[in-house]
There are 2 protein chains.
Amino acid sequence: MESGSPRQSTKALLGLRDLVLSGEVEPGERLSEVVLATRLDVSRTPLRAALQRLEQEGLIEAIPSGGFAVRRFSRADVIDSIELRGVLEGTAARLAAERGVSAPRLKAMAAIVGKLDAILGGGPQALDFERYEEVNAEFHNLLAELSGSDVIRREIGRVTSLPFASPSAFINQQVDIPAFRQSLVVGQAQHKAILSAIEQREGARAEALAREHARLARQNLDFVLEEKPDLRGQVPALALLAI
Amino acid sequence: MESGSPRQSTKALLGLRDLVLSGEVEPGERLSEVVLATRLDVSRTPLRAALQRLEQEGLIEAIPSGGFAVRRFSRADVIDSIELRGVLEGTAARLAAERGVSAPRLKAMAAIVGKLDAILGGGPQALDFERYEEVNAEFHNLLAELSGSDVIRREIGRVTSLPFASPSAFINQQVDIPAFRQSLVVGQAQHKAILSAIEQREGARAEALAREHARLARQNLDFVLEEKPDLRGQVPALALLAI
DNA sequence: TTGCACTTCAATGTATACACACTCGGCAAC
DNA sequence: GTTGCCGAGTGTGTATACATTGAAGTGCAA
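Read on for a plain summary of the structure. Only a predicted model underlies this, so the values are computations on that prediction, with no experimental measurement involved. Every chain's residues receive numbers from 1 upward, in the order its sequence appears when written. The naming scheme follows written order: chains are lettered A onward, ligands numbered 1 onward. Given that this is a predicted model, residues contribute local features only at a pLDDT of at least 70 and side-chain atom pairs are listed and counted only at 80 or more, while totals for whole chains, interfaces and linings are drawn from all residues. Each side-chain value is worked out from all heavy atoms of the structure, with water and hydrogens disregarded.

Describing the overall build of chain A
Convention followed: Numbering of helices and strands runs from the N terminus, with a helix taken as a DSSP run of H or I at least four residues long and a strand as a DSSP run of E at least two residues long. Summary of the burial criterion: residues with accessible area below 20% of their type's maximum are buried, those above 50% are exposed, and those between are partly exposed, where the area comes from a 1.4 Å probe applied to protein chains only.
Each helix and strand in chain A was counted, giving nine helices and three strands. What you see in chain A, going N to C, is helices and strands ordered as α-β-α-α-β-β-α-α-α-α-α-α. Each principal axis of the C-alpha distribution contributes one length, and for chain A these read about 55 × 45 × 30 Å. Within the span of chain A, comprising 243 residues, buried residues form 49% of the whole.

So, the packing of helix H8 (residues 178-199) of chain A against helix H9 (residues 203-226) of chain A
For any two helices packed against each other, one specifies the crossing angle of their axes together with the interaxial distance. Residues and elements named next belong to chain A. Quick note on the threshold: Fitted lines through C-alpha atoms give the axes, limited to the stretch in contact for helices. The angle between two N-to-C directions lies from 0 to 180 degrees. The cut-offs work like this: below 35 degrees is roughly parallel, past 145 is roughly antiparallel, 65 to 115 is roughly perpendicular, and the gaps in between are oblique. Any two residues whose heavy atoms approach within 4.5 Å at even a single point are treated as in contact.
Two numbers describe how H8 lies on H9: the axes approach to 8 Å, and their chain directions differ by 170 degrees. Looking at the two axes, H8 sits roughly antiparallel to H9. Together, Ala-179, Phe-180, Ser-183, Val-186, Gly-187, Gln-190, His-191, Ala-193, Ile-194, Ser-196, Ala-197 and Ile-198 of H8 and Arg-205, Ala-206, Leu-209, Ala-210, Glu-212, His-213, Leu-216, Asn-220, Phe-223 and Val-224 of H9 make up the contact between the two elements.

A word on helix H6 (residues 129-146) of chain A
Residues and elements named next belong to chain A. Put simply, the rule reads: To estimate the expected span of a helix, count its residues, drop one, and scale the result by 1.5 Å. In protein, a polar contact means a hydrogen-donor-capable atom and an acceptor-capable atom, both N or O and within 3.5 Å, with residues adjacent in sequence counting only if both atoms are side-chain atoms; elsewhere, any N or O pair within 3.5 Å suffices.
Taking 1.5 Å as the rise per residue, H6 with 18 residues should run 26 Å; its terminal C-alpha atoms sit 25 Å apart, in good agreement. When H6 is considered as a whole, its buried residues turn out to be Phe-129, Tyr-132, Val-135, Asn-136, Phe-139, His-140, Leu-142, Leu-143, Ala-144 and Leu-146. Against the buried residues of H6 lie helix H4 (75-99), helix H5 (103-121), helix H7 (150-159), H8 and H9. Two or three places before Glu-130, at the start of H6, stands the capping residue Asp-128, its side-chain oxygen 3.2 Å from that residue's backbone nitrogen. One or two steps after H6, the chain reaches Gly-148, where phi turns positive at roughly 75 degrees.

Quick notes on the sheet that holds strand E1 (residues 30-31) of chain A
Note the threshold: Criterion used throughout: strands pair if DSSP finds at least two bridges between them.
Read from one edge of the open sheet, three strands run E1-E3-E2 (chain A), paired in antiparallel fashion. Each having just a single partner strand, E1 and strand E2 (60-62) of chain A make up the two edges of the open sheet.

Some points on the relation of the copies chain A and chain B
As a reminder, the rule being used: We place the copies in one frame by least squares, fitting the C-alpha atoms of every residue whose pLDDT is at least 70 in both.
Under the fitted operation, chain A is carried onto chain B by 0.1 Å of movement along the axis and a turn of 180 degrees, and the coordinates agree to an RMSD of 0.1 Å. This pairing of chains is accounted for by a two-fold axis. By residue overlap, the copies meet face to face through one surface: 100% of the interface positions of chain A are interface positions in chain B.

Considerations on the sheet that holds strand E3 (residues 68-70) of chain B
Residues and elements named next belong to chain B. In spatial order, the strands read E1-E3-E2; together these three strands make up an open sheet with antiparallel pairing. Lying at the two open borders of the sheet, with one neighbouring strand each, are strand E1 (30-31) and strand E2 (60-62). Bridge count for E1 against E3 is two bridges, and the pairing is antiparallel. From the neighbouring strand, Arg-30 faces E3, where its bridge partner is Ala-69.

Spelled out as structure tokens, the structure:
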């Protein structure tokens, strides 16, 4: 069987995930298999596979009496998920520093940092958020790889599958506020420092920096929730949040 | 639907997990749905649910062309899984210290430590491994809870579902060797220190201690693999290992 | 003898029918 | 009026038939 595109289970998984993330089905709402199967135009079998998978991803949760419901995330969940990402990326950075990284891969990381510099250096209004988000994701993906550990890489992948735990959770055009733009500058400084620490085999520094880097997301979260609560609907990462 | 015991999917999950963990199906071996369904006396539907779940647990992996195979773990995987557990339990301990733990829960933790003392204090030959393993698991479960974070608790639960990443991975009668008994004493000292650090709100100390505590498992792993390689078959946690 | 293509087969992916448990409404008894 | 029981209905859990694809083996041709 081809594991590529034209599978119903893939269609069901992507469709269902999108339905949940976009907020079309509300947190706490029970997910009816027949309704969803009809809506996504798949049979119940691949749909159930998608439900099980999303349960493991943490987006939905099993109901004791059977079936699933959209999970309702608290602010604490979001904060702790960000903290967890920081801890895991910190570990990746520390392991990279301790175990060493080959010159070519360090060069690749430096190239990514250079690209981020170029994106940020283009002047305030020329800033391409989408492009920054893309390259930022590259940085974080490569960081996970530099750890040299498949176990760590897998784990980071799992945790960051939750939208609000993603490294790019609060990078988007919608929330174009000076405070956010500044946070990108700070974040880029941290990127450089993390790379430097890895190059110089400073494990503890690399770990601390990566943790602090993740906290940037928490700062932005706090800012949105407290200063600009009206922006909540604009940030996709917060669609599942029930404060 | 009752989510309790008499469900075919439960039967399939437990049966399949046991089949993999016991080594009855060898690492790398392809898992045939029809064969397994017959063997476990369930239909393919609940079996497929179990397969999907075990894939998420990390015990088996999907084959590109379809189906699943028993995952083959390298020594690096085991080492990194232990490291990961240390990092996560370290985070749980740090959060417990930083955020504070209620007096009753601290008391409960102290009670567990007391039970471990009693088990270890009974003299060398009276040592009840099974009981120690049980109470040790209690300690680690409560530690995860003391973090006050469902996110962290879930994550620790996931990681420690792999047999060699479990806190009790190398505690068993089979490997009754002086070095192992000594490691229990050291481990218990670390238990006390972790509790003390949490009580005194010393986050960094609590984290460092919990990390080091996990490394005890790595020491025991190294000992088995290098000093007593003939014991490999005796330790259930190593059944999946392909050095 | 070797390589390619076709055929066949086996195993997974999908759809759907059936069985049973949980829920919710109504009715009766207290 | 409230509480408890009962029955219908909805929906998930399970089984199985069918579709589809990947792989292997065989035969023919170069």
